[in-house]
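# Commentary on secondary and tertiary structure
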Amino acid sequence: MRIRTEHLFFCYEGGRPAVQDISLDIPTGTLTVLCGVNGSGKSTLLRLLADLAQPSSGQILYDHGKKTDYKTAEAVSMVFQQPETQLFAGTVHKDIEYGLMERGVSKEKRTEIIAGALAKTGLAYDEFAGRSPFLLSGGEKRRVCIAGALAVQPGLLILDEPTAGLDPQAAQALLEMVQQLRSSGLTLIIGTHDLDSFLPVADKVIVMKQGAIHYNGPAPALTADPGLLADAGLTPPVYASMGRRAVQHGLLEAVPDNLEELLIGLEKHPLPMPQTDRWPAGTGASARSSAMSPGNQNTKTSEQHSAEYSLKGTWKRDHSPRSSRTERVQTIIRPGNPRLEQNTPRRPGWQGLDPRAKWLGMILGSLVLLGMNTLLPLLLTAGLLAGLAASARISWRRAFRFFRPFLLMFLFLWLLSGLSWSSPDFALGPLSLSYAGLVRGGINVLRFLLLIALGFLFTETTTGAPLREGLEWGIAPLRTLGIRTRNWSLAVSVTLQFVPWILGKLAQLQLALGSRGRRARGVARWSPRQIALIIVPLLILVLGMGDELATAVESRGYDPAKQRTPVYQLRWSRRDTLAALGILAVAAMLWWVARIS
Ligand SMILES: Nc1ncnc2c1ncn2[C@@H]1O[C@H](COP(=O)(O)OP(=O)(O)OP(=O)(O)O)[C@@H](O)[C@H]1O
């Protein structure tokens, strides 16, 4: 499949263009390597090419047809950076089968195709087909993902960081597989940082810099000019930099195009014997011997390092044997430390209030909301929250994306609460509904949505550290009763910070699902079928993350009984007192409206 793009632009919400003015022409049966530093736009461009995101402007043409032809776009398979977010079925067989079913392949043919696809990635069908994809090693998971992508016989295969996390042998096997696929006529685009492996086999290399194309051409011309890669912040492959040195020393005539060429070239020249006594000019024998003595060497090195660190002003090491680990950490960030203040800049407007004032608003707001049983106070609260969200410049699209998963569920609950078989007011298809039930259910649903909105506003306008310090301060008195409050505050702050992570994973899983089946758009992305497929892998990811987090916390010596080093300085000002009084007044007013209405 030939793929062309014309002046592609893509912007994430509220950001600068992640991809800008990309015009490409990738011929059929070629292997294109896409590289660039972190954040240069590789993954975004790959997603656009896989039709998993829509360009802000510009167009993509597959073969010679327009992109609106979804059938053509579905001939593109993509394997993502993290295989964990791409697997969702109970067995490897079912996982690969998903894409085939989506494309209407008959049941009889499926097993043969799956076995073939697995074989191409070096996995035996008999051994792996019945296993759970979640219990495979990282490398095996990646192979299963590639097998799933190959099974649907794509015209274009896109691989994002395919060798990440693979051992050298597995990476070599993948490289060979990629070359075989190219020989079979498949077009491949590979986003990677692994230039050593992929540049020698690439037909074309695209280097990205700040979302734009920095270089587009053959690999040898790129590696021959070290400035080209350096300008994009990249390091040349080892064979190229060693080859260049060899050329400078007259050992080679030209910079080699791969490691093999370098080795063959060097074999023709006997290498000079290394000198046994090579020290920098001015270094005398006594200095050498003192540096060789282990004690001296250690002392000197650590002193030099200390001096270096203090000169740079990054952090000061305290090597005194008496100082404990905690004390050392406190030297770096202790309360009142001016650097600590700099590290945690206050947010503008009411968002910069002391977190204790915000916690007050959150707790009072939740209590008052729970007591509301009529529409008027709920609408007043909704207006207030909308005003606060607008003043904090939280975009409506971002808020909608946050609420979208809840909306379907709440709509369902609302309809459920309106069901009435005994005294129905009207019928909706086979369902009998009552007005009173719908009003009651509507009020309950609105109340819960507003509670979620309050939490959303709180976490959107307060980062983790202030949020936790504020909470810790509030529950500290319970410590006198022997309650381990630090565990609570850690649990709350981690859980709240988990929410964006979960939403991010949800989005990744949906993308992965889209890349394997029909490209679902709009509401179709939230169909019960999509949700059912995503829910198990999402739970597995959340549990896995929880497990890793617990291990990380433990391995870093977390002890709830120990004094903790604060990472945020609480500062209560007159403005916070006024805000707290305002919060009390508004809560009282809403409570009064709730009582009289
Ligand atoms: N979901 C998102 N929302 C907002 N900005 C994003 C999002 N994803 C990526 N970006 C931004 O878009 C830019 C390009 O990101 P992208 O992931 O495409 O880079 P990349 O070259 O693939 O990086 P890496 O090598 O780290 O994977 C970056 O500035 C990044 O911060």
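Residues numbered from 1 in each chain as written. Predicted model: local features only at pLDDT ≥ 70, side-chain atom pairs only at ≥ 80, totals over all residues. Heavy atoms only, no water.

Across its full length, the protein chain carries 24 helices and 12 strands. Classification of the 597 residues of the protein chain by burial places 40% in the buried group. Partitioning the intrachain contacts of the protein chain with sequence separation of at least 6 by distance along the chain shows that 68% fall at a separation of at least 24. Approximately 32400 Å² of the protein chain is accessible, and the part contributed by carbon and sulfur atoms is 60%. (Helix = DSSP H or I, 4+ residues; strand = E, 2+ residues; numbered from the N terminus. Buried < 20%, exposed > 50% of the residue type's maximum accessible area, 1.4 Å probe, protein only. Contact = heavy atoms within 4.5 Å. Areas by Shrake-Rupley, 256 points an atom, 1.4 Å probe, with all protein chains shown as cover.)

Around the ligand sit Y12, A18, V37, N38, G39, S40, G41, K42, S43, T44, Q81 and H193, and that is every residue in its neighbourhood. A distance of 3.1 Å separates an oxygen atom of the ligand from a polar atom in the side chain of Q81. Look at the ligand: alone it shows 630 Å² of surface, and the protein chains cover 59% of it. Split into classes, the residues belonging to the shell around the ligand amount to three nonpolar, eight polar and one charged. (Near = heavy atom within 4 Å. Polar contact = N/O pair within 3.5 Å; in protein donor to acceptor, adjacent residues only side chain to side chain. Nonpolar A, V, L, I, M, F, W, Y, C, P; charged D, E, K, R; others polar.)

What follows concerns the packing of aromatic side chains. Counted by the stated rule, this structure contains three aromatic pairs. A centroid spacing of 5.0 Å and a plane angle of 85 degrees characterise the contact between F10 and Y12, whose relative ring orientation is edge-to-face. Ring centres of F403 and F456 lie 5.8 Å apart, and the angle between their planes is 65 degrees; on these two criteria the pair is classed as edge-to-face. Pair noted here: F403 is in helix 19 (residues 396-418) and F456 is in helix 20 (residues 435-461), with a separation of 53 residues, a long-range link. Each member of the pair, F403 as well as F456, is classed as buried. (Phe/Tyr/Trp six-rings, centres within 6.5 Å; stacked < 30°, edge-to-face > 60°.)

What follows concerns the environment of W350. Relative to the assigned elements, W350 resides in the loop between helix 16 (338-343) and helix 17 (355-370). The class for W350 is partly exposed, based on a relative accessible area of 25%. Along the backbone, W350 and R575 are 225 residues apart, and their C-alpha atoms lie at a distance of 9.3 Å. If we ignore the near neighbours within four places in the chain, the residues touching W350 are K358, L388, S391, A392, L457, T461 and R575. Of the polar contacts made by the side chain of W350, one reaches the side chain of S391; its length is 2.8 Å.

Here we take up the side chain of T121. Secondary-structure assignment places T121 in the loop between helix 4 (107-120) and helix 5 (125-128). Within the local environment of T121, its side chain forms a polar contact with the backbone oxygen of L118, the two atoms lying 2.8 Å apart.

What follows covers the UniProt feature "transmembrane region" (unreviewed entry) in the protein chain. Using the residue numbers shown here, the UniProt feature "transmembrane region" (unreviewed entry) corresponds to residues 359-390, 402-421, 433-458, 526-546 and 577-594. A distance of 36 Å separates the end C-alpha atoms of residues 433-458, which is 92% helix and 4% strand. As annotated, residues 577-594 has a helix share of 100% and a strand share of 0%, and its two end C-alpha atoms lie 26 Å apart. (UniProt positions renumbered as here; feature names shortened; annotations may be inferred.)

Quick look at the packing of helix 4 against helix 6 (residues 138-151) now. Interaxial distance between helix 4 and helix 6 falls to 8 Å at its minimum, and their mutual angle equals 130 degrees. The orientation of helix 4 with respect to helix 6, classified from their angle, is oblique. For the element pair helix 4 and helix 6, the recorded crossing hand is right-handed. Seen from helix 4, the contacting residues are I113, A117, L118 and K120; seen from helix 6, they are A147, L150 and A151. Its residues assigned to classes, the contact of helix 4 with helix 6 comprises six nonpolar, no polar and one charged. (Axes fitted to C-alpha atoms, helices over the stretch in contact; angles between N-to-C directions. Parallel < 35°, antiparallel > 145°, perpendicular 65-115°, else oblique. Left-handed = near helix turned anticlockwise from the far one by under 90°.)

Let us look at the sheet that holds strand 3 (residues 31-36). Across the sheet, which stays open at both edges, the six strands sit in the order 6-7-8-3-9-10 with mixed pairing between neighbours. Two strands bound the open sheet, and with one partner strand each, they are strand 6 (76-79) and strand 10 (212-217). Looking at each pair of strands side by side, their axes are set apart by 15 degrees on average, direction ignored. One ladder, built from five bridges, connects strand 7 (residues 156-160) with strand 8 (residues 187-191); its direction is parallel. In the sheet register, L157 faces strand 8, and the bridge partner there is L188. (Pairing = 2+ DSSP bridges.)

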